[in-house]
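Each chain, letter by letter, is given below.
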Amino acid sequence: MGAQRRVALAGAALLGLLGACTATDDTVSAPPPPRTSSASRVSSTTPSAAPGTVTPRTATSPSSTSGAAGPRSITVVMNGDMLLQEGLWQTARTDAERTGRGTMDFRPVLADLRPVVRSADLAICHLETPLAPRGGPFSGYPVFSVPPQILPALKWEGYDACTTASNHSLDDGFSGIRRTLGDFDRVGLAHFGTATTRKASRTPLILDVSGVRVGLIAATYGTNGIPIPSAEPWSVPIIDPARIEQLAAKAKRRGADIVIVALHWGLEYDHAPTQDQLDVAAALTKDPDINLIYGHHAHVVQPYDRVNGTWVVYGLGNAVAQQDADVEGVYDGNTCRVTFTEKPDGSFAVSRLEYLPTMITHFDGVHPMRWLDVAKDLHDPAFASLRPALRATQARVSADVDMLGAFRHGVAEARSPKVR
């Protein structure tokens, strides 16, 4: 990451929205009919569940269908890097003074995307950095240890699980991994990537989503040169196609209907996939156990593409971060929404794929940072002063997503549903 330069943009009080992104298989199909459901939070493993299985809360804006109404279908949303720097901590402190929720309140930063996240049947985030003790000390780039107050906000936002494997996983050593995953467990957020035991590293996370079981696997290209502890060589999973395929097969044996692979890869600030990304994607997409691959780390949006018949979302860009403003695109991102639908043989495939452009406002020490749903906010008078920036983000994100011709295969920009 480059050095930070703070740039002022108008601050705005944010309200929620209902929005999402959607995905396509060989041909674009209509979205499944909705089914009314009630909201709940992620529950802990139940006696009837397989090891490593958790049950996500039900979407507030229903999208899944039951077998009685036709083929089963679920929607999954995923985001890019949650990379907390000092401007975000200060924003959370400022917002806490206004809301009265503790010493740091990250909810207002995330609020605009909350309906998008909660509308899905399963929502996955990526927390790139280890968590510090609650009172600090906190540190940013280049060696991170960030406020754990982000976790209750992610839970409130509607995330069911987060991946944790990244080049910063060992910034605070193995003790940082242990503390981070312990905090996830206390908040009730499922996680996969870094591990505190050998058994956990070998047990893919399986999430029960309205009766459809989704396996989640995560890995990173490296750890910024920090050696993986010799006593815990399994603590950070390094990208290895053979190992990922073994985990995918294990997830399927344990009952997963769908397997999603999240990879921390690519070259920072480069929109085009690297040869390493292309090679790994080419290998993994030949595995019939893997249904979708998506990535993060580049901090800018990378393209969507079909490889060997399997969708690869090379890079979602930043979700929430504060980085060098001189690098175009680091304040852009997109939320991907995938619809998986059951086929006649009982297997699942991507039936719809969409992207929702997002934008992070800059921090100047006065105006708080906000994570914005671009399509919705373009039509909101409260964001009139940001319309040129929002339009520019929308255009850049669309061009990046389509770099390898994704639109020809049915990928489309999502429309933000209206808030109920």
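Calculation notes
- Residues numbered from 1 in each chain as written.
- Predicted model: local features only at pLDDT ≥ 70, side-chain atom pairs only at ≥ 80, totals over all residues.
- Heavy atoms only, no water.
- Helix = DSSP H or I, 4+ residues; strand = E, 2+ residues; numbered from the N terminus.
- Buried < 20%, exposed > 50% of the residue type's maximum accessible area, 1.4 Å probe, protein only.
- Contact = heavy atoms within 4.5 Å.
- Areas by Shrake-Rupley, 256 points an atom, 1.4 Å probe, with all protein chains shown as cover.
- Core = buried A, V, L, I, M, F, W, Y, C linked by side-chain atoms within 4.5 Å.
- Expected span 1.5 Å × (residues − 1).
- Arc of directions from axis to C-beta.
- 1 Å grid on protein atoms, 1.4 Å probe; cavity = no way out; pocket = protein on both sides within 12 Å on 5 of 7 lines; lining within 4 Å.
- Points joined across faces, edges and corners; volume = space filled by probe spheres on them.
- Nonpolar A, V, L, I, M, F, W, Y, C, P; charged D, E, K, R; others polar.
- Polar contact = N/O pair within 3.5 Å; in protein donor to acceptor, adjacent residues only side chain to side chain.
- Disulfide = S-S within 2.5 Å.
- Pairing = 2+ DSSP bridges.
- Phe/Tyr/Trp six-rings, centres within 6.5 Å; stacked < 30°, edge-to-face > 60°.

Trainee: Talk me through the overall build of the chain; I want residue IDs and the actual numbers.
Mentor: Helix and strand counts for the chain come out as 10 helices and 17 strands. Evaluated residue by residue, the chain yields a buried proportion of 59% over its 420 residues. Across the chain, the fraction of contacts at a sequence separation of at least 24, relative to all contacts at a separation of at least 6, is 73%. Only carbon and sulfur atoms are counted for the fraction: they give 53% of the accessible area of the chain, which is about 15200 Å².

Trainee: I'd like a rundown of the nonpolar core, residues and numbers included.
Mentor: Of all hydrophobic cores here, the largest spans 57 residues; its most connected members are Met-78, Ile-260, Leu-263, Tyr-304 and Phe-340. Those residues in contact with Leu-263 that lie beyond four places of it in its chain are Ala-219, Ile-239, Ile-244, Val-280, Leu-284, Ile-293, Tyr-294, Gly-295 and His-296. By size, the runner-up hydrophobic cluster in this structure holds 49 residues, among which are Val-146, Tyr-159, Leu-181 and Ala-298.

Trainee: Kindly report on helix α10 (residues 387–401), identifying the contributing residues and their values.
Mentor: Over its 15 residues, α10 extends 21 Å from the first C-alpha to the last, a length consistent with the 21 Å expected when each residue adds 1.5 Å. Within the sequence span of α10, burial applies to Leu-390, Thr-393, Val-397, Ser-398, Asp-400 and Val-401. The buried residues of α10 occupy one face: seen down the axis, they fall within an arc of 160°. Residues of α10 that are exposed and point over 90 degrees away from its buried face: Pro-388 and Arg-391. Contact partners of the buried residues in α10: β11 (304–307), β14 (332–342), β15 (348–360), β16 (371–373), α9 (374–377) and β17 (412–413).

Trainee: Hey, could you go over empty space enclosed by the protein for me, with residue numbers and the actual values?
Mentor: Applying the stated rule across the entire model yields 1 cavity of 30 Å³ or more. Taken as a whole, the largest cavity encloses approximately 70 Å³ of empty space. In terms of lining, the largest cavity is formed by Leu-127, Glu-128, Thr-129, Pro-130, Thr-164, His-168, Ser-169, Ile-177, Thr-180 and Thr-194. Residue classes in the lining of the largest cavity are distributed as 3 nonpolar, 6 polar and 1 charged.

Trainee: Describe the environment of Arg-101, listing the residues and the values that go with them.
Mentor: Of note, Arg-101 is situated in the loop between α1 (86–99) and α2 (107–110). Using a relative accessible area of 38% as the deciding quantity, one classes Arg-101 as partly exposed. What Arg-101 contacts, discounting residues up to four positions off in sequence, is Ala-96, Arg-107 and Pro-108.

Trainee: Which residues make up the side chain of Ser-398, and what are the values?
Mentor: One can find Ser-398 in helix α10. Of the polar contacts made by the side chain of Ser-398, one reaches the side chain of Tyr-355; its length is 2.8 Å. Each residue touching Ser-398, except ones within four places of it in the same chain, is listed here: Tyr-355, Phe-407 and Glu-413.

Trainee: Before we move on, can you summarise the state of the cysteines with the specific residues and values?
Mentor: Summed over the entire model, instances satisfying the criterion amount to 1 disulfide. Here Cys-125 pairs with Cys-162 through a disulfide, and the sulfurs are 1.9 Å apart. The sign of the 90° torsion about the S-S bond sets the Cys-125-Cys-162 disulfide as right-handed. One end of the pair, Cys-125, is in strand β4 (residues 122–127); the other, Cys-162, is in strand β5 (residues 161–163), and 37 residues separate them in sequence. By relative accessible area, Cys-125 is classed as buried at 0%.

Trainee: Would you mind going over the environment of Val-338 in detail, with residue names and values included?
Mentor: Turning to its location among the elements, Val-338 is positioned in strand β14. When its relative accessible area of 0% is taken as the criterion, Val-338 is described as buried. It is 6.3 Å that separates the C-alpha atoms of Val-338 and Val-77, two residues lying 261 residues apart in sequence.

Trainee: With reference to specific residues and values, describe the pairing of strand β8 (residues 212–220).
Mentor: Of all the 9 residues making up β8, 9 are buried; the element is thus mostly covered by neighbouring parts of the structure. Of the two faces of β8, the one carrying Val-212, Val-214, Leu-216, Ala-218 and Thr-220 and the one carrying Arg-213, Gly-215, Ile-217 and Ala-219 are both buried. Between the antiparallel neighbours strand β7 (residues 205–209) and β8 lie 2 residues, among them Ser-210 with a positive phi of about 55°. Where β8 lies against strand β9 (residues 258–264), 7 bridges are found, and the strand directions are parallel. Bridged to Leu-216 within β9 is Ile-260.

Trainee: Can you lay out the packing of aromatic side chains for me, pointing to particular residues and giving the numbers?
Mentor: A complete count under the given rule lists 5 aromatic pairs for this structure. Aromatic pair Tyr-304 and Tyr-355: ring centres 6.4 Å apart, planes at 70°, arrangement edge-to-face. Of this pair, Tyr-304 sits in strand β11 while Tyr-355 sits in strand β15, and the two are 51 residues apart along the sequence. Accessibility assignment for this pair places Tyr-304 and Tyr-355 in one class, buried. Aromatic pair Tyr-355 and Phe-407: ring centres 6.0 Å apart, planes at 10°, arrangement stacked. Highlighted residues: Tyr-355 in strand β15 and Phe-407 in the loop between α10 and β17, separated in sequence by 52 residues.

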